[in-house]
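Here's the letter readout for the chains.
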Amino acid sequence: MSGDQYAQLAGAVLMLVLVGSGLIARRLPLGSLARMAAGWLLIIGAVLVAASYRAELGRLASRIMGDLAGEQGRTVGGTLRIPMAEDGHFWVQARVNGTQQRFLIDSGATRTAMGLDQARAAGLEIVQNGFPVVLATANGDVEARRARIAELRVGPIVARDLAAVVAPAFGDTNVLGMNFLSSLRSWRVEGRTLILEPEDAMTMSEGA
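Residues numbered from 1 in each chain as written. Predicted model: local features only at pLDDT ≥ 70, side-chain atom pairs only at ≥ 80, totals over all residues. Heavy atoms only, no water.

This part takes up the pairing of strand E12 (residues 193-197). Counted residue by residue, E12 has 5 buried out of 5 residues, so it is predominantly covered. The pairing of strand E2 (residues 80-83) with E12 spans 4 bridges and is antiparallel. Each bridged residue has a counterpart across the sheet, and for Ile82 the counterpart in E12 is Leu194. Taken together, the 5 bridges between strand E11 (residues 186-190) and E12 define a ladder with antiparallel strand orientation. Within E12, the residue paired with Ser186 across the bridge is Glu197. Turn length for the E11-E12 hairpin, with the two strands adjacent in sequence and antiparallel, is 2 residues, and the turn residue Gly191 shows positive phi of about 65°. (Buried < 20%, exposed > 50% of the residue type's maximum accessible area, 1.4 Å probe, protein only. Helix = DSSP H or I, 4+ residues; strand = E, 2+ residues; numbered from the N terminus. Pairing = 2+ DSSP bridges.)

Counting residues in hydrophobic clusters, the biggest one holds 29 residues, and the most contacted among them are Ile105, Leu124, Leu152, Phe180 and Leu196. Listed by contribution, the elements that provide at least two residues to this core are E2, strand E3 (90-96), strand E4 (99-105), helix H4 (116-121), strand E8 (140-154), strand E9 (157-167), helix H5 (178-181) and E12. With 5 residues, E9 is the largest single contributor of residues to this core. Dropping the residues within four chain positions of it, Ile105 is found in contact with Ile82, Phe90, Val92, Leu176, Leu181, Leu194 and Leu196. Core analysis: the second largest hydrophobic core is formed by 13 residues, Ala113, Val133, Leu135 and Val175 among them. (Core = buried A, V, L, I, M, F, W, Y, C linked by side-chain atoms within 4.5 Å. Contact = heavy atoms within 4.5 Å.)

This part takes up the pairing of E3. Remember that side chains alternate between the two faces of the sheet whenever the strand is regular. Counted residue by residue, E3 has 5 buried out of 7 residues, so it is predominantly covered. Two elements, E3 and E4, share 7 bridges in a ladder whose sense is antiparallel. Pairing of Trp91 across the sheet is with Leu104, part of E4. In this antiparallel pair of consecutive strands, E3 and E4, the connection spans 2 residues, and Asn97 shows a positive phi of 50°. Across 2 bridges, the pairing between E3 and E8 is antiparallel.

Keep in mind these values describe shape, not function.
Here it is in structure tokens:
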């Protein structure tokens, strides 16, 4: 248990003692005391849980708000076959609002993400007001800002009005996440090839 958690626990115990002393001083019936004590225990427990897991709760709230806002956009076009790169990942060259950008396709990422410089180069309008989106990354939690991509072209596939998040912490790595993949009719990996399929059309291969 961390020092902050010990402090929170000590504060909760002190609050419970003070509340209990006040209830006893009022000489309430035992049943009423038990019910009131149970209610305070629930309240204090909820506060402790919220304080201990504030980062996780922030990520959950961001995901729910993103789902309500409609992050998938609209995707049309043909089937695209992407060979696995030497590093074991799937990379694509895309055009974001007409600018050339390289993306990693990552089914483990909830959202499509762009570095700050790349997003500015593509002319994305980044939302600066309101709470940031908290994302869990390999390097810890990252605060990012919401944006929308008017048009993203990957081979024959065109995604419009696609939600994205932008942060300097992403560096020069752009990611196509699950909100893009979920907008497709299907996507799958066959051997060392990733197949993206928005609708029936001619098939095209994308080099790394």
